[in-house]
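Chains, contacts and geometry: an overview
The chain contents come next:
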Amino acid sequence: MKHFRFWPLATCLLVSGPVLASADLDEVTHRMDMLPEVYGQISLVMEHNHTNDGVTGGKSRFKDNESFLGVRNQHEIVPGLDAFFRAEWWFDADNDDDSFQNLEYAYIGVEGDFGRVWGGTDDTVYEQHIDHIANFFESEFRNGGETRNLPGAFDTGRGNLLQYSSPGRDGWQFHGAMQFNEDGDEDMLEEQGKTSRPFQLVSSYQSGNWEYSFGLDSNENGKGPDNTTIYGARATYDSNNWSLTTQYQYRDDVADVFGMLGTYHIGRTQYAFAYERERDRVEGRQLTHAYTVQFLHNLSERFRVYVEGHQAEPRKTAHRRDLMIGAAYRF
């Protein structure tokens, strides 16, 4: 009888063993999915700047070029609704006395059939969809932090933001952003006829190889010469191995900026050329022409080398010429 009593018990253990193992595996998989992804980049460049003002001349420097470290994650709350977050910091890879310099991104949000809503610190929807050329090249800033290319004259900052992107419908998508500046001087803002809650509206449309974006930024944040609205438009044609982008931004009595960007890919190599023109209406209608060229080669999926050249030709101030030779490892 003992033999027959043991056999059902043994059978139960043999059957339940895989079930328990499967449950443990599911729990481990679930916990792994909850862990954030760690990503980043180390980028170094040899840069030569020449300012033709009769005083500064040429200067060369080996420096960090926008190295960063970040964490991000997205997971399902309930079927059809995901939560996500992202946090990213810049650091100087060429200075052992300087660690993380500033917070680049920090936001949380939810995403579902209704679209995507997120709040915190991020590039605004206007910058993401309209101001493409100023954010394209590897070397965004000159020595000293001066912007190299010619961004649009929009003032709404990257912090205190609440943003929304709709789901795509027949190629159309709509985006909005509002900045909540609760710590500003409300009396001063009211006296100047400004508010502390600037907003942005952007619509984008995709059809075949074409993408179009139209947007505005109210600029009502107490910065800049006034709170006039900036209007922008961008059109991009993207084929298998080349693309062409044109964009235009206009802000009355402040500035208008026009730009064209062309790229060509062959294998792991990318060639790019950009022309930009800015008419600064604040500084006596100062006119600036800027040219940027790039050669970039991906040695692998994570490691790339590049050469970039830039020349800016303001009509009334010193011309600037830059040459950058760099490498970046992304993980």
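Here the structure is a predicted model, which means the values were calculated and not measured. (Residues numbered from 1 in each chain as written. Predicted model: local features only at pLDDT ≥ 70, side-chain atom pairs only at ≥ 80, totals over all residues. Heavy atoms only, no water.)

**Digging into the environment of tyrosine 39**
This is how the line gets drawn: Think of it this way: any DSSP run of H or I at least four residues long counts as a helix, any run of E at least two long counts as a strand, and we number them from the N terminus. The criterion used for residue contact is that any of the two residues' heavy atoms lie within 4.5 Å. Pairs of N or O atoms are called polar contacts if they sit within 3.5 Å, as long as, within protein, a hydrogen donor faces a hydrogen acceptor (for residues adjacent in sequence, only side-chain-to-side-chain pairs).
With respect to the helices, strands and loops of the structure, tyrosine 39 is situated in strand S1 (residues 37-52). As a C-alpha pair, tyrosine 39 and arginine 72 span 33 residues in sequence and 8.2 Å in three-dimensional space. With near-sequence residues (within four places) excluded, tyrosine 39 lies in contact with Phe68, Leu69, Gly70, Val71, Arg72, Arg86, Ala87, Glu88 and Phe331. A polar contact of 2.7 Å, which involves the side chain of tyrosine 39, links it to the side chain of glutamate 88.

**Quick look at the pattern of salt bridges**
Two side chains that carry opposite charge are able to pair once their charged atoms sit near each other. This is how the line gets drawn: Throughout this description, the term salt bridge denotes a Lys or Arg side-chain nitrogen within 4 Å of a carboxyl oxygen of Asp or Glu. Whether a residue is buried, partly exposed or exposed follows from its accessible area with a 1.4 Å probe, protein chains only, as a fraction of its type maximum: under 20%, in between, or over 50%, in that order.
Applying the stated criterion across every chain yields a total of 13 salt bridges. With a closest N to O distance of 3.0 Å, glutamate 47 and lysine 63 form a salt bridge. In this pair, glutamate 47 sits in strand S1 while lysine 63 sits in strand S2 (residues 57-64), placing the two residues 16 residues apart along the sequence. Lysine 63 carries the same exposure label as glutamate 47, and that label is buried. Note that arginine 277 and aspartate 256 form a salt bridge whose closest N and O atoms lie 2.4 Å from each other. You can see arginine 277 sitting in strand S14 (residues 269-280) and its partner aspartate 256 sitting in strand S13 (residues 255-266), a full 21 residues away along the chain. By relative accessible area, which is 21% here, arginine 277 ends up partly exposed. Accessibility expressed as a relative area gives 2% for aspartate 256, which makes it buried.

**Considering unusual backbone geometry**
Positive phi is not limited to glycine here, since glutamate 66 has a value of about 65 degrees. Tracing the backbone shows glutamate 66 in the loop between S2 and strand S3 (67-78). Even without glycine at this site, asparagine 219 takes up a positive phi of about 60 degrees. Summarising the element assignment, asparagine 219 is placed in the loop between strand S10 (210-217) and strand S11 (230-238).

**Considerations on a nonpolar patch on the surface**
Quick reminder of the rule: Like-charged residues are merged into a patch within 9 Å and nonpolar side chains (Val, Leu, Ile, Met, Phe, Trp, Tyr) within 5 Å, provided each residue has over 30% relative accessible area and no salt bridge. To be clear on the numbers: accessible area is Shrake-Rupley with a 1.4 Å probe, and residue cover counts the displayed protein chains and nothing else.
A surface patch of nonpolar side chains, about 1,100 Å² in accessible area, is lined by Met46, Phe62, Trp242, Leu244, Met260, Tyr264, Ile266, Tyr271, Phe295, Val307, Leu323 and Ile325. Of all the secondary structure elements, the ones that give two or more residues to the nonpolar patch are strand S12 (242-251), S13 and strand S17 (319-330). Broken down by element, the nonpolar patch gets its largest block of residues, three residues, from S13.

**Structural notes on the nonpolar core**
One recurring pattern in soluble globular proteins is that nonpolar side chains are buried together. The condition that has to hold: Residue types Ala, Val, Leu, Ile, Met, Phe, Trp, Tyr and Cys, when buried and joined through side-chain atoms within 4.5 Å, form a set referred to as a nonpolar core.
Among the nonpolar cores identified, the biggest contains 14 residues, and Tyr107, Trp118, Val125, Tyr126, Ala153 and Ile230 are the most heavily contacted of them. Among the secondary structure elements, those contributing two or more residues to this core are strand S5 (100-112) and helix H2 (125-129). Residues contacting valine 125, with those up to four places away along its chain left out, are Trp118, Gln163, Tyr164, His175, Gly176, Ala177, Gln200 and Val202. Counting residues in hydrophobic clusters, the runner-up holds five residues, among them Ile133, Phe137, Leu261 and Ala274.

**Some words on the environment of lysine 59**
Topologically, lysine 59 is positioned in strand S2. Given the relative accessible area of 51%, lysine 59 is considered exposed. Aside from chain neighbours lying at most four places away, what touches lysine 59 is Glu47, His48 and Asn49.

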